[in-house]
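Each chain, letter by letter, is given below.
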Amino acid sequence: MENTRLLEMRGIEKYFPGVKALQKVDFSLNSGEIHALMGENGAGKSTLIKVLTGVYGKDAGVIRLDGKEVQIHSPQDAQRLGISTVYQEITLCPNLTVAENMYIGRGNGAITNWKKMNESADRILKRMDIPARATQQLASCSIAVQQMVAIARAVDMECKVLILDEPTSSLDEQEVEKLFGLMRDLKELGVGIIFVTHFLDQVYEVCDKITVLRDGQLVGEYEIKDLPRVKLVAKMLGKEMDDLSDIKGETESYSGEDADEEVFEASKLVSNAGIKPFDFHIRKGEVNGFTGLLGSGRSECVRAIFGADRVLGGKVKMHGKPVKIKGPKQAMKNGIAYLPEDRKIDGIVGDLSVRENIILALQVMKGFFKPFTKAQAYAFADEYIKKLNIKTASADTPVKSLSGGNQQKVILARWLLMHPEYLILDEPTRGIDVGTKIDIQKLVLELASEGMSITFISSETDEMLRTCSRLVVMRDRKVVGELSGDDLTQSMIMSTIAGGE
Amino acid sequence: MNKSLIKKITSNQLFIPIMALLLLAVINLIVDPGFFKVTLRTNNDGNPVLSGSLITILDYGSELAILAIGMTLVTAASGGQDISVGATIAIAGSAMLRVLCGTNPRPDAIQAPIIVAFLVACLVGMLCGAFNGALVSIFKIQPMIATLILFTAGRPIAAWINFNRLPIVPDPKFKYFGGFIPGIPIPTTVFIMLLCVLVIALVLKFTNLGLYTQAVGINEKSARLNGINPTFVKFLAFVILGLCVAVAALIKVSRIATINYNVIAKDIEMDAILAVALGGNALSGGKFNMWASVLGAYVIQALTTTLYKFHISSDALAAYKAVVVILLVFFSAPKVREYVGDFFKKMKAKKKTAQLVAVGDSAAEVISGENEEVEEDN
Amino acid sequence: MDKSKMKGGLFSKVSDTNLLFSITVTIFILMYASAVIFQGGGFRKPQTLFNILSSNAALIITALGLSIVMISGGIDISVGGVVALVTMSCAVYLDYCPGANIWVSMLIAVGIGLAFGIVQGFLVAYFDIQPFIVTLAGMFFARGMTTIVHTKPFNVENEAFRKLKDTRIVIPGAGSYNKHNIYQPAKIEIGVVVALVLVVVLFLVLRYTKLGRSFYAVGGNKQSALMLGINVRRTKFLSHVICGLLAGIAGYVYFLNVGSGSAAHATGMEMNAIASSIIGGTLLTGGVGNIVGTLFGVLSLCTIQNMVASAGLGDAWWTGITIAAMLCIFLLIQSIVIRQKKRALRV
């Protein structure tokens, strides 16, 4: 198979008010190649992709497709040129049917032939083994299925360039495998694929080449075989990384005399989010976690503990005394803090300043009629900006203008300010850069050594192995096992998730 | 240095309303300086009162400003507007008259103290607000549509409260609220407005109403996970607007000591919404600046009064107002600012390239190509 | 996956649009049936329905326009004003311009509507100004212009126009016998034909054309629609242009019905149109709605008004209160049904 230069981007620049998002970035893609685009959050991956797909206009630079210079002003232009994209967030219309979502905005016919459309959609769905019907309203499909539909659409467009921008974050392992199979098929057909992901394993599983960006600039383009993991991470961070394997050894575990006290206990807890009733407990200074595949109900469990979903039943005790937790506010009053899974939707209050975001939870606890003075609020904010090393212009900067990792730190600061007894972190490391990931893991262990009880959830099992001393394993929305001590290994977790039979 | 100062000033939320106010002042100064004349004259009741266009603006702008306070909160919390305020003013006003006059539309003396009537009006206003608020916060109906219900039903309900009769309040004291208190030449509405502004300023300072409202308006889910009850915050915003409506109703009814169900506070909701928008507050909710809205209310009233000065009939007034409003909204729209900013940038770039002809042809091509795009957009 | 499908049950199989549409039609049929049963008389004659149609043809047309704008996620509250401006402009043209021609008057009507649609659509779509504010100003402008065009309301005397106005179309077989047992053929006004043709045309447009589906996509999720390769700005622009055009046509149909120009015409029509559209199953959040549903929405609204009137509650305020009550009930039904559906899907 002969690989020809398919796409070439030269000297791409993009400015946002006050930010140089891309500076003289080059990128090239051959046909029949799977090319990973790597970088920390804020490195400019998404911006580069949005320039390529016409969502943003570029401020300088040239894009060549098949050797010819092209102007891409809108997503339609990109589609017409044979560039199709699957984004991390579902970019389909929930009110339309599955088939329509696959075909709308394509082709030149002004009239929709429903019968033909549904038939061909069903054919593709069947071929790709997606459990959905063509005539079903998209909103009635699960998120994973919706993502698969988006992929089906992109694949069906007979594109030359396929961009996959973190498409795997809502897929389970099987679905990821299915996707990889598909990617390999397309590669055989000579399609060039740009693959963006945070999962290193996936990069090394399917990609041929890696381009690394950092701070809006090109670091370099590498053959996959020339760049071992450690080097890749180093390139992304811009510094040689000291070993991140064993941070657990660095910090001591909590050894106060009340170390065995059960801080929180729940029995037969159940919420309206569709989980089976579960039992759970955590000791003082303990770090434990829920593990399981995405959709196994691990987030729903901690949401039930915090009262984020409607609690339907079960008994809850704090320090051995029965308490009632019907909603977030009662949970907070009992010293429970919860950092939600989805930062953008459940976490930040985008237009408010860093300061207001940091004091929000403590302020609510203090009461509606007792606002902090400005001086107090600034003191709190400045303290935590320094403590967590949050990179922001000032405490008055709107939080939405911060990078993902820093936004996450702001939310973390919000809950730490509350000095909770029990802190729940639901995917605190998702979608943020490697440096911040390590910072957060270290912080978790540090806090635990000071006596805070922490529940830590992450999609990356090695993170959990590094931080947790006990793991609750979930499958199909119910607890199927508990691992601790010597059982805490990758393979034990896998086999427990997979089930005994 | 200088540039950043200019940027600081122009990006301030109060910039647009103040500029609009100045512009109106200049226009009036050129056309008819008499606009600014304030005279002391004796009114029908024999009291010395100030009169002139500026006083009219202060007088009528104040009732709008009071409504703008509530409307700002509703806008911020719910991301929508209450279009029923005119109709609920009719309801609250009608209820007030019912208490004052009883069943007899032409009583010799008022049947209940004014304060009782006002409190009843407050209760009615808050009930209307609660109705709207419940639809919006509990049933998750879009505010504009939820308030469409009272918008349609409000005036009929107001008429029904008094059996479609038009009671007249016999007590001359009742006229003080929308007119003048003997001995004080400044319209009473100004004092009522100041009181309302003071109250809301204290509330914003000593409670977390501002923070909660904005948090809910920006990200409801996140606010909930931080222990805020979004349902209640939205509900509260509507109830507060209901209270503002009751105060406005007192002024409106007091002005004529009776009511005209179909005309009272007609189109006032539009003015109140415009006041919020002119204040630079996003009508889609979130962050707000109360004082910009209050100022916006006076700008709207200044515009109305100016147009009257040009002998424009009250019916045709709307057309002129619309043009001004569109211009204001147009030039404050972020998208337009962006285009204008881009345009100036490109102009500069063009000049530079003209000077530096040596720069490669390709660069010039890119720039001219982008210029075309800008012109097209404009 | 399989479990969620089973538990979702019937609810998940029906799309939002179809669900709300069926509710509307069911309620309309129940309402008309109860009117026939309890109030009998008038409602039993097809002519009553035709009368409702005749006097509300303009409302149907404006409601169609609003449905399209609302499906695309926008709103247009200028339509009532545009209707009033059209009546006045056409009236002035027909009576004050020598050699006036009714065809030209129709062009004027369409032109005014299009002008409003284009300007408003342009501001909304290409400058990202909120549609509510733009069309609010549009409403002010139209009402104000109406009085500037001509202050006093007046009846049009133009002969060609009066002839057109008095033209009726006979519906064969739907007539009835009156008290004296004389057969009276059922008649409708021209406007009804225009409205019904528009219903059919727009139904086809929304169901089968790329543009029509784009309206739904943009209303469902603007960002996604953009990523799916739909020209969101143009789609929004066109939704407003179509709404404006329909408002212009509605203005002429209204004009044919009343035969006069007045600034007071069509007061509150935008609210009735929005209400009809909602009752007809359009969600104001966009993306959900049905043209035929809108037709039923208008009919439901008018039927209940007629029922109230024939029940002897002639007082002016009852009309307003019943419309509001009905809107309230439908909004609550929508809210509850959508919520139930979401809940059913989650488990």
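Residues numbered from 1 in each chain as written. Chains lettered and ligands numbered in written order. Predicted model: local features only at pLDDT ≥ 70, side-chain atom pairs only at ≥ 80, totals over all residues. Heavy atoms only, no water.

### Re the overall build of chain A
Within chain A one finds 17 helices and 20 strands. Here the C-alpha radius of gyration of chain A, 24 Å, is about what a compact globule of 501 residues would show, namely 23 Å. Overall size of chain A, expressed as C-alpha extent along the three principal axes, is 70 × 50 × 50 Å. For chain A, buried positions account for 58% of its 501 residues. Sequence separation of 24 or more characterises 66% of the internal contacts of chain A that already satisfy a separation of 6 or more. The averaged location of the 71 negative side-chain charges in chain A is 6 Å from the averaged location of its 65 positive side-chain charges. (Helix = DSSP H or I, 4+ residues; strand = E, 2+ residues; numbered from the N terminus. Rg over C-alpha atoms; globule rule 2.2 N^0.38 Å. Buried < 20%, exposed > 50% of the residue type's maximum accessible area, 1.4 Å probe, protein only. Contact = heavy atoms within 4.5 Å. Lys, Arg positive; Asp, Glu negative; His and termini not counted. Charge placed at Lys NZ, Arg CZ, Asp CG, Glu CD.)

### Describing the interface of chain C and chain A
Of the residues lining the interface, 32 residues belong to chain C; the matching set on chain A comes to 36 residues. It is C:Lys210, C:Met227 and C:Leu228 that lose the most area in chain C upon contact with chain A, and together they represent 27% of the buried surface on that side. Joining chain C to chain A, the criterion identifies one salt bridge. Note that A:Glu100 is salt-bridged to C:Arg213, the shortest N-O span being 2.4 Å. Between chain C and chain A we count eight residue pairs in polar contact (both at pLDDT 80 or more) in total. Listing elements by their share of the side of chain C that touches chain A, those giving two or more residues are helix 1 (2–13), helix 8 (190–208), helix 9 (210–220), helix 10 (222–227) and helix 14 (316–346) of chain C. (Buried area = accessible area lost by both parts, 1.4 Å probe. Salt bridge = Lys/Arg side-chain N within 4 Å of Asp/Glu carboxyl O. Polar contact = N/O pair within 3.5 Å; in protein donor to acceptor, adjacent residues only side chain to side chain.)

### Some thoughts on the packing of helix 11 (residues 268–278) of chain B against helix 12 (residues 290–309) of chain B
All names here are of chain B. Viewed as axis vectors pointing N to C, helix 11 and helix 12 meet at an angle of 125°, and their least axial separation amounts to 7 Å. The angle between helix 11 and helix 12 falls in the class oblique. In this structure, the crossing between helix 11 and helix 12 has a hand that is right-handed. Every residue of helix 12 that contacts helix 11 at Asp-271, Leu-274, Ala-275, Val-276 and Leu-278 is listed here: Ala-292, Ser-293, Gly-296, Ala-297, Val-299 and Ile-300. Classifying every residue of the contact of helix 11 with helix 12 gives eight nonpolar, two polar and one charged. (Axes fitted to C-alpha atoms, helices over the stretch in contact; angles between N-to-C directions. Parallel < 35°, antiparallel > 145°, perpendicular 65-115°, else oblique. Left-handed = near helix turned anticlockwise from the far one by under 90°. Nonpolar A, V, L, I, M, F, W, Y, C, P; charged D, E, K, R; others polar.)

### Looking at the domain arrangement of chain A
All names here are of chain A. On domain assignment, one finds that chain A holds domain 1 (5–237), domain 2 (261–335 + 422–501) and domain 3 (343–419). Put simply, the middle of domain 2 and the middle of domain 3, counted by C-alpha atoms, are 24 Å apart. In this assembly, 19 residues from domain 2 lie in contact with 14 residues from domain 3. Where domain 2 abuts domain 3, roughly 1200 Å² becomes buried across the two surfaces, and 75% of that area is made up of carbon and sulfur atoms. Joining domain 2 to domain 3, the criterion identifies two salt bridges. Between Arg-303 and Asp-346 there is a salt bridge, with the nearest N and O atoms lying 3.4 Å from each other. Counting the contacts that link domain 2 with domain 3 gives two residue pairs in polar contact (both at pLDDT 80 or more). Of all the secondary-structure elements, those providing two or more residues to the side of domain 2 that touches domain 3 are helix 9 (298–306), helix 10 (328–333), strand 17 (422–426) and helix 15 (434–449). Residue contributions to the side of domain 2 that touches domain 3 peak at five residues, all from helix 15. (Domains from an automatic or database assignment.)

### Quick look at the state of the cysteines
The full count for this structure, using the stated rule, is zero disulfides over all chains. A disulfide-free cysteine, B:Cys196 has its sulfur positioned 6.4 Å from the sulfur of B:Cys244, the nearest such atom. Here C:Cys90 is not disulfide-linked; the sulfur of C:Cys97 is the nearest cysteine sulfur, at 11 Å. Classification of C:Cys90 by relative accessible area gives buried; the value is 0%. (Disulfide = S-S within 2.5 Å.)

### A few points about the packing of aromatic side chains
Within this structure, the stated rule accounts for 25 aromatic pairs over all chains. The positively charged end of B:Arg255 is found above the aromatic ring belonging to B:Tyr60, 4.0 Å away from the centroid. Against the face of C:Tyr208 rests C:Arg207, its NZ or CZ located 5.8 Å from the ring centre. (Phe/Tyr/Trp six-rings, centres within 6.5 Å; stacked < 30°, edge-to-face > 60°. Lys NZ or Arg CZ within 6 Å of the ring centre and 35° of its normal.)

### Considering the sheet that holds strand 15 (residues 321–323) of chain A
Residue and element names in this part refer to chain A. The antiparallel open sheet is built from four strands, whose spatial order is 12-11-14-15. Since the sheet does not close on itself, it has two edges, and those belong to strand 12 (278–283) and strand 15, each with one partner. Strand-to-strand twist across the sheet, computed as the mean angle between neighbouring axes with direction ignored, equals 20°. Where strand 11 (residues 262–271) and strand 14 (residues 311–318) come together, six bridges link them in antiparallel fashion. Bridged to Ser-267 within strand 14 is Lys-315. (Pairing = 2+ DSSP bridges.)

### Focus: the pattern of salt bridges
Residues and elements named next belong to chain A. The final tally for this structure, using the stated rule, is 30 salt bridges over all chains. In this structure, the salt-bridge partner of Arg-5 is Glu-8, at a minimum N-O distance of 3.9 Å. The partner of Glu-427 in a salt bridge is Arg-298, with the nearest N and O atoms 2.8 Å apart. On the criterion of sequence distance, the pair formed by Glu-427 in the loop between strand 17 and helix 15 and Arg-298 in helix 9 is long-range, its members being 129 residues apart. There is no split in this pair, since Glu-427 and Arg-298 are both buried. Among the charged side chains, a network of salt bridges with common partners joins Arg-5, Glu-8, Arg-10 and Asp-26.

### What to know about the sheet that holds strand 10 (residues 217–223) of chain A
Residue and element names in this part refer to chain A. Pairing is mixed across the open sheet formed by six strands, whose spatial order is 6-7-8-3-9-10. Pairing within the sheet leaves two strands with one partner each, and these edge strands are strand 6 (83–86) and strand 10. Recorded for the sheet is a direction-independent mean angle of 20° between the axes of neighbouring strands. The sheet contact formed by strand 6 and strand 7 (residues 161–165) spans four bridges and is parallel. Of the residues in strand 7, the one forming a bridge with Ile-83 is Val-161. Against the sheet, helix 6 (residues 173–188) makes contact with strand 3 (34–38), strand 7 and strand 8 (192–196), and its axis sits at roughly 150° relative to strand 8, the strand it touches most.

### Some remarks on the side chain of B:Lys234
Of note, B:Lys234 is situated in helix 10 (residues 230–256). Residues contacting B:Lys234, with those up to four places away along its chain left out, are B:Ala77, B:Ser78, B:Val136, B:Ser137, B:Val216 and B:Glu220.

### A short note on the interface of chain C and chain B
Facing 39 residues of chain C, the contacting portion of chain B comprises 47 residues. Summed over both sides, the interface of chain C with chain B buries roughly 3600 Å², with 84% coming from carbon and sulfur. Together, C:Phe127, C:Phe140 and C:Trp317 form the three largest contributors to the area buried by chain C at its contact with chain B, with a combined 19%. On the surface where chain C and chain B come into contact, there are zero salt bridges. Joining chain C to chain B, the criterion identifies two residue pairs in polar contact (both at pLDDT 80 or more). Elements represented by at least two residues in the side of chain C that touches chain B include exactly helix 5 (102–127), helix 6 (131–149), helix 12 (269–279) and helix 14 of chain C. Here the side of chain C that touches chain B is built from residues that sort into 29 nonpolar, six polar and four charged.

### Description of the pairing of strand 11 of chain A
All names here are of chain A. In this sheet, strand 12 lies alongside strand 11 in antiparallel orientation, the contact comprising five bridges. Looking at the pairing, Phe-264 lines up with Ile-282 of strand 12. Where strand 11 folds back onto strand 12 in an antiparallel hairpin, the turn is made up of six residues, including Gly-274, whose phi is positive at roughly 85°.

### Examining the pairing of strand 14 of chain A
Residues and elements named next belong to chain A. Pairing analysis gives three bridges linking strand 14 to strand 15, with the strands arranged antiparallel. Considered in strand 15, the bridge of Lys-317 is made with Pro-322. The turn joining strand 14 and strand 15, which pair antiparallel and follow one another in sequence, is formed by two residues; a positive phi near 50° is taken by His-319.

### Notes on a nonpolar patch on the surface
All names here are of chain B. Taken together, the side chains of Leu-23, Val-26, Ile-27, Leu-29, Ile-30, Val-31, Phe-36, Val-38, Leu-54 and Phe-310 present a nonpolar region at the surface, about 860 Å² in accessible area. Broken down by element, the residue count for the nonpolar patch peaks at six residues, all from helix 2 (residues 15–31). Of note, Ile-27 is situated in helix 2. (Patch = residues over 30% accessible without salt bridge, like charges linked within 9 Å, V, L, I, M, F, W, Y side chains within 5 Å. Areas by Shrake-Rupley, 256 points an atom, 1.4 Å probe, with all protein chains shown as cover.)

### Quick notes on the confidence of the model for chain C
Residue and element names in this part refer to chain C. When the pLDDT values of chain C are averaged, the result is 85; 92% of them are 70 or greater. Within the model, pLDDT remains below 50 along residues 1–10, and this stretch shows nine contacts once partners closer than five positions in the same chain are excluded. Reported confidences for the modelled complex are a pTM of 0.80 and an ipTM of 0.80. (pLDDT = per-residue confidence, 0-100.)

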